Amino acid sequence: MEKQRQAILLADAESFYASVEITHNPSLRGKPVAVCGDPALRHGLVLAASKEAKAYGVKTGQPAWECRRLCPGVIFVRPHMNRYLESALEMTRIFEQFTDRVVPYSIDEHFLDLSGCERLWGTPHEAARRILRQVWDETGIRCRIGLGENPLQAKMACDRFAKKRVDGFFELNSTNYAAHVWSLPIGNLFGVGPRMKDHFNRMAVRTIGDLARLPREIPTRRWGVNGLLLWLNAHGIDYSTLQPGTLAPQKGVGHCATLPRDYASRQEIEAVLLELTEEACFRARTLGKMGTTVHVYCRGADFDHPSGFSRQKKLPEPASAATEVYPVAQQLFRRHWDGRPVRAVGLNLSGLTDRRCYQLSLFNHREITNSLSAAMDEIRERFGPTALFRAASLTSGGQLFTRANMIGGHEK
Ligand SMILES: [Mg+2]
């Protein structure tokens, strides 16, 4: 079946967190800025850098000290997650003025389907220029746009070309794809990570073109569907269509907490685990959901001897009250923790189901736990997350009061 030619755009914000910080403090514009957590709390990694800082070799993920060594004049700015979420929503709203088919792909990337919009906005290239201008005028953030006939081409156009161009725009299509893309190293292909790159290099596949020229049976036999998908990517073929609202469904609720120091005692770690359980359950309840599976994650403190575990267990029944979820989380932790100091703890509640449908049971008091949770939620909504808490949060391990000032592990 001949598929109708699509016009897919991927819009990506340049140095997103750093750009947002600059819009809040214009005196930073034109200066080397790095958004970075607090080194004392071990969040001291660069989360984003302005293009002036990048010119010195500063990169996302670098520790603060390395950033300072490369760029002694760097200005460190603490992250403000709520500002980034706000700006991301603002960008979504602008994109939605151009098409109703907007799919957020990451916090600073959106896919837009402009197929059939030519009479409204002109050619996709013209539409892209308008979008770039409007985002800049209204938010002070510079975007780059890749245009393609499918999401893969748009993503490759943006990541590999538009980001390097002054006008911030590039188009790939089935006619020019090979000419532009095949000479790039295989690691530049969407879907190829460092491990896959090593596999390919060992097969003497060094460029994207090398993979494209292989018979498709070779990657398919070796890696199954994934191998075939990469081969198709090398040819610029992607059969997916954008489905607003279906991408990125809420998979689960939960957080991971990096601890301010290594925790070695069971009580301390369990205090954090309990707080994370409360938090995840609260999130689930606000969404009107219950979880069916709890996942506990622990990372050891010793870099040279990586330890820790990541295990999940089905709950006896779907639940959204910490009193029901925590015993299972604690059981997982006690069974799998090797007793070594811990650097980070995470908890996730997944398999979310509608909270209004549950199995009535003779053996528990669901109505009572539900109304207890509802009362707790009301208090926290009115008076803040620290208005009501468990006594464990006052013990030495408790992280509630630190975390209450953070979103997604970063400061508000
Ligand atoms: Mg970006």
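From a predicted model like this one, the values you see are computed outputs, not experimental measurements. (Residues numbered from 1 in each chain as written. Predicted model: local features only at pLDDT ≥ 70, side-chain atom pairs only at ≥ 80, totals over all residues. Heavy atoms only, no water.)

## Notes on the sheet that holds strand S6 (residues 109-113)
- Taken together, the five strands give an open sheet; going across it, the order is S5-S6-S1-S7-S8, and neighbouring strands pair in mixed fashion. Edge positions in the sheet fall to strand S5 (102-106) and strand S8 (169-171), since each has one partner strand and no second. On average, each strand axis in the sheet is inclined to that of its neighbour by 20 degrees, with strand direction left out of account.
- Bridge count for strand S1 (residues 8-13) against S6 is five bridges, and the pairing is antiparallel. What sits directly across from Ile8, in S6, is Asp113. (Pairing = 2+ DSSP bridges. Helix = DSSP H or I, 4+ residues; strand = E, 2+ residues; numbered from the N terminus. Axes fitted to C-alpha atoms, helices over the stretch in contact; angles between N-to-C directions.)

## Looking at the coordination of the magnesium ion
- Surrounding the magnesium ion are the protein donor atoms Asp12 (OD), Ala13 (O) and Asp108 (OD), at 2.1 to 2.7 Å.
- Each donor residue of the magnesium ion belongs to the same chain, with the gaps between them written as D-A-x94-D.
- Using a relative accessible area of 4% as the deciding quantity, one classes Asp12 as buried. (Donors = N, O, S within 2.8 Å, 3.2 Å for Na, K, Ca; no water. Buried < 20%, exposed > 50% of the residue type's maximum accessible area, 1.4 Å probe, protein only.)

## Comments concerning the sheet that holds strand S3 (residues 46-49)
- Pairing in this open sheet of three strands is mixed, and the strands run S3-S2-S4 from one edge to the other. Whereas interior strands pair on both sides, the edge strands pair on one side only; in this sheet they are S3 and strand S4 (75-77). With strand direction ignored, the average angle separating the axes of adjacent strands in the sheet is 30 degrees.
- Strand direction decides the pairing type here: strand S2 (residues 33-36) and S4, joined by three bridges, are parallel. Each residue of the ladder has a partner; that of Val33, found in S4, is Ile75.

## What to know about the confidence of the model for the chain
- Here the chain averages 85 in pLDDT, while 89% of its residues score no lower than 70.
- Confidence over residues 246-250 falls short of pLDDT 50; this stretch has six contacts with residues more than four positions distant or in other chains. (pLDDT = per-residue confidence, 0-100. Contact = heavy atoms within 4.5 Å.)

## Focus on the environment of Cys71
- If you trace the backbone, Cys71 turns up in the loop between helix H3 (64-70) and S4.
- According to the relative accessible area criterion, Cys71 is buried, its value standing at 1%.
- Apart from residues lying up to four places away in sequence, Cys71 is in contact with Pro32, Tyr56 and Val58.

## Some remarks on the pattern of salt bridges
- The full count for this structure, using the stated rule, is 17 salt bridges.
- Between Asp159 and Lys163 there is a salt bridge, with its nearest N and O atoms 3.3 Å apart.
- Of the residues examined, Asp159 reaches a relative accessible area of 18% and is grouped as buried.
- Residue classification places Lys163 among the partly exposed positions, given a relative accessible area of 33%.
- The closest approach of N and O atoms between Arg334 and Glu270, which form a salt bridge, is 2.7 Å. On the criterion of sequence distance, the pair formed by Arg334 in helix H13 (residues 322-336) and Glu270 in helix H12 (residues 266-286) is long-range, its members being 64 residues apart.
- Each of Asp12, Glu14, Glu109, Arg142, Arg144, Lys155, Asp159 and Lys163 takes part in a single network of salt bridges with overlapping partners. (Salt bridge = Lys/Arg side-chain N within 4 Å of Asp/Glu carboxyl O.)

## Observations concerning H12
- Between the first and last C-alpha of H12 there are 30 Å, a value that for 21 residues agrees with the 30 Å anticipated at 1.5 Å per step.
- Counting buried positions over the 21 residues of H12 gives 15, a clear majority of the element.
- Immediately downstream of H12, the backbone of Gly288 shows phi near 70 degrees, a positive value. (Expected span 1.5 Å × (residues − 1).)

## Let's talk about unusual backbone geometry
- Even without being glycine, Ser15 reaches a positive phi, approximately 40 degrees.
- With respect to the helices, strands and loops of the structure, Ser15 is situated in the loop between S1 and helix H1 (16-24).
- Phi is positive for Ala204, which is not a glycine, with a value near 65 degrees.
- One can find Ala204 in the loop between helix H9 (194-202) and helix H10 (208-213).
- Judged by its relative accessible area of 52%, Ala204 falls in the exposed class.

## A word on the side chain of Ser115
- Within the secondary structure, Ser115 is located in the loop between S6 and helix H5 (118-121).
- By relative accessible area, which is 17% here, Ser115 ends up buried.
- The contact partners of Ser115, leaving out residues within four places of it in the chain, are Gln6, Ala7 and Arg101.

## Side note on the packing of aromatic side chains
- Under the definition given, this model contains nine aromatic pairs.
- Seen from their ring centres, Phe333 and Trp337 are 5.1 Å apart, and the 20 degrees between their planes marks the pair as stacked.
- Overall, Phe333 belongs to the buried group, its relative accessible area being 1%. (Phe/Tyr/Trp six-rings, centres within 6.5 Å; stacked < 30°, edge-to-face > 60°.)

## A short note on a nonpolar patch on the surface
- A grouping of Phe389, Leu394 and Phe401 is seen on the molecular surface, where their side chains present a nonpolar patch of about 290 Å² in accessible area.
- In this fold, Phe389 is placed in the loop between helix H14 (366-383) and helix H15 (400-403). (Patch = residues over 30% accessible without salt bridge, like charges linked within 9 Å, V, L, I, M, F, W, Y side chains within 5 Å. Areas by Shrake-Rupley, 256 points an atom, 1.4 Å probe, with all protein chains shown as cover.)

## A word on helix H4 (residues 81-95)
- For H4, spanning 15 residues, the distance from its first C-alpha to its last is 21 Å, which sits close to the expected 21 Å at 1.5 Å a residue.
- Residues of H4 that are buried: Met81, Tyr84, Ser87, Ala88, Met91, Thr92, Ile94 and Phe95. Here the buried residues of H4 occupy an arc of 160 degrees about the axis, which is enough to place them on one side. Opposite its buried face, H4 presents the exposed residues Glu86, Leu89 and Arg93, each directed more than 90 degrees away. (Arc of directions from axis to C-beta.)

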